[in-house]
Amino acid sequence: MNTFFSMRPAWVLALSLALSTGGMAQEAPSNNPLTLDAAALESANIALATAAPRDVADELKAPGEVKADAYSTVLVSPRVESQVLARRAKLGDVVKAGQPLVELSSVDVAETQGALIVAEQDWQRIAALGPQAVSARRYNEAKVQRDQARAKLRAYGLSDGQISGLLRAGSAGADGSYDLLAPSSGRVTTDDFLVGERVAPGRMLFTLVKEDTVWVEARLSPADAEKVEAGGSVRVLAHDTALPGTVVQRSHQTDERTRTAPVRIEVDNRKDLLHPGELVEVRLTVGGNSSKLVVPSDAVVLLQNQPTVFVSTGKGHFEPTAVVTGETRSGWVEIKEGLQPGAKYVRQGAFALKARLLRSQLGEE
């Protein structure tokens, strides 16, 4: 209490002295903004709690960088030399599996499309005659030629639906053009190509990323990294929010340049808060729990730039008590000094008491 006395406004100091010596006994309830009757307590929604130690897990602090989840990332590229005819999707689009991304044209695809149409017609004719009307060798050759042409188009990246559409279109569809389809759903994060460009097999045209989860790569000293275990809980601090995460794996190799060990963390990103390239702050839970005196974060307010907790002295009266705070974890603030275990403090409604105090300083009722 002595710590806070020197910081109080003069009228609060005078009131506290008067109360401690028995003066102003009749006027205190009406003049002291921190003495509330039952109706005022209910109106301010004041709730009390007893200060007591809680088991709190130890945490390691580390910087982190958001990265795309490589297990949910797909590179889209042609499998045969082609030319870009038209763009069907652009950067930032969210696409579904099977959706056309780009229209391409290829001489090899045109030759195979034509070979399939001929082989399919030949097979339909022979299949209608039946194996009794033709030799077994001719029957099998027609079937194999048809199947090989289908397999070759699949190897070029055409789907069964595209192949069926080609056969329905007949010779008009054998022009070598085809759509490159999205192999999975996701967001287009790269599309580095131009319409009219000739692209070689394997040339990356699109990157598709499912953003429901992202990775955060935290950098720790080798000694701290040894304390981290796969499956451990993590808090990722970004955008004024603490996002829960899980340790996926710890690297067993130290970066030669930074002398740090990377730790990969998986974070649920269905709210689309994190994006690759962002820098964040990471809190990794390690070791066992330790007992610390903590209070809910809403119980601590700033008075004259000093963290303060309101302590109940009984009969609806509260005293502002300056405290020294530590870390905040999961909505709980560590109290290092100023509050004793067993003390009754305002768990809910501290901001209402602060407002009453400030209004009283301004001379308002």
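Residues numbered from 1 in each chain as written. Predicted model: local features only at pLDDT ≥ 70, side-chain atom pairs only at ≥ 80, totals over all residues. Heavy atoms only, no water.

Trainee: For this particular structure, what's the right way to read the overall build of the protein chain?
Mentor: The helix and strand tally for the protein chain stands at nine helices and 21 strands. Out of the 365 residues in the protein chain, the part that is buried amounts to 41%. For the protein chain, restricting intrachain contacts to residue pairs at least 6 apart in sequence, the fraction spanning at least 24 positions comes to 72%. With an accessible surface of roughly 19,900 Å², the protein chain has 50% of that area assigned to carbon and sulfur atoms. (Helix = DSSP H or I, 4+ residues; strand = E, 2+ residues; numbered from the N terminus. Buried < 20%, exposed > 50% of the residue type's maximum accessible area, 1.4 Å probe, protein only. Contact = heavy atoms within 4.5 Å. Areas by Shrake-Rupley, 256 points an atom, 1.4 Å probe, with all protein chains shown as cover.)

Trainee: Even after reading the chapter, I still don't get the packing of helix H6 (residues 136-155) against helix H7 (residues 160-169), so can you show me in this structure?
Mentor: Any two packed helices are characterised by the angle at which their axes cross and by the distance between the axes. Direction vectors running N to C along H6 and H7 enclose 130°, while the axes themselves pass 10 Å from each other. With respect to H7, the axis of H6 lies oblique. You can see that H6 and H7 cross each other, and the crossing is right-handed. On H7, the residues that touch Arg150, Leu153 and Arg154 of H6 are Asp160, Ile163, Leu166 and Leu167. Considered class by class, the residues forming the contact of H6 with H7 number four nonpolar, no polar and three charged. (Axes fitted to C-alpha atoms, helices over the stretch in contact; angles between N-to-C directions. Parallel < 35°, antiparallel > 145°, perpendicular 65-115°, else oblique. Left-handed = near helix turned anticlockwise from the far one by under 90°. Nonpolar A, V, L, I, M, F, W, Y, C, P; charged D, E, K, R; others polar.)

Trainee: Looking at this structure, I do not really get the side chain of Arg283. What am I missing?
Mentor: Residue position: Arg283 is located in strand S15 (residues 279-296). Classification of Arg283 by relative accessible area gives buried; the value is 10%. When near neighbours in sequence (up to four residues on either side) are disregarded, Arg283 contacts Glu59, Leu60, Lys61, Ser233, Val234, Arg235 and Leu237.

Trainee: So what exactly am I meant to see when it comes to the sheet that holds strand S5 (residues 94-95) here?
Mentor: Ordered in space as S3-S10-S8-S5, the four strands form an open sheet in which the pairing is antiparallel. Single-partner strands in this sheet number two, and they are strand S3 (73-76) and S5. Bridge count between S5 and strand S8 (residues 186-190): two bridges; the pairing is antiparallel. Within S8, the residue paired with Val94 across the bridge is Arg187. (Pairing = 2+ DSSP bridges.)

Trainee: I'm lost on the sheet that holds strand S9 (residues 198-199) in this one. Help?
Mentor: Through backbone hydrogen bonds, the strands of a sheet pair up, either in parallel or in antiparallel fashion. In spatial order, the strands read S7-S6-S4-S9; together these four strands make up an open sheet with antiparallel pairing. If you trace the sheet from one side to the other, it starts and ends with strand S7 (177-181) and S9, each paired once. With two bridges joining them, strand S4 (residues 82-87) and S9 adopt antiparallel strand pairing. Note on S9: the bridge partner recorded for Ser82 is Val199.

Trainee: How should I be thinking about the pairing of strand S18 (residues 317-322) in this particular structure?
Mentor: With six of six residues buried, S18 is to be regarded as a mostly interior element. Across six bridges, strand S17 (residues 306-314) lies against S18 in antiparallel orientation. Counted as the bridge partner of Phe310 is Pro320 from S18. Turn length for the S17-S18 hairpin, with the two strands adjacent in sequence and antiparallel, is two residues, and the turn residue Lys315 shows positive phi of about 55°.

Trainee: Just checking my understanding: could you explain unusual backbone geometry for this structure?
Mentor: The backbone phi angle of Asp240 is positive, close to 60°, even though this residue is not glycine. One can find Asp240 in the loop between strand S12 (233-238) and strand S13 (241-250). Even without being glycine, Gln304 reaches a positive phi, approximately 50°.

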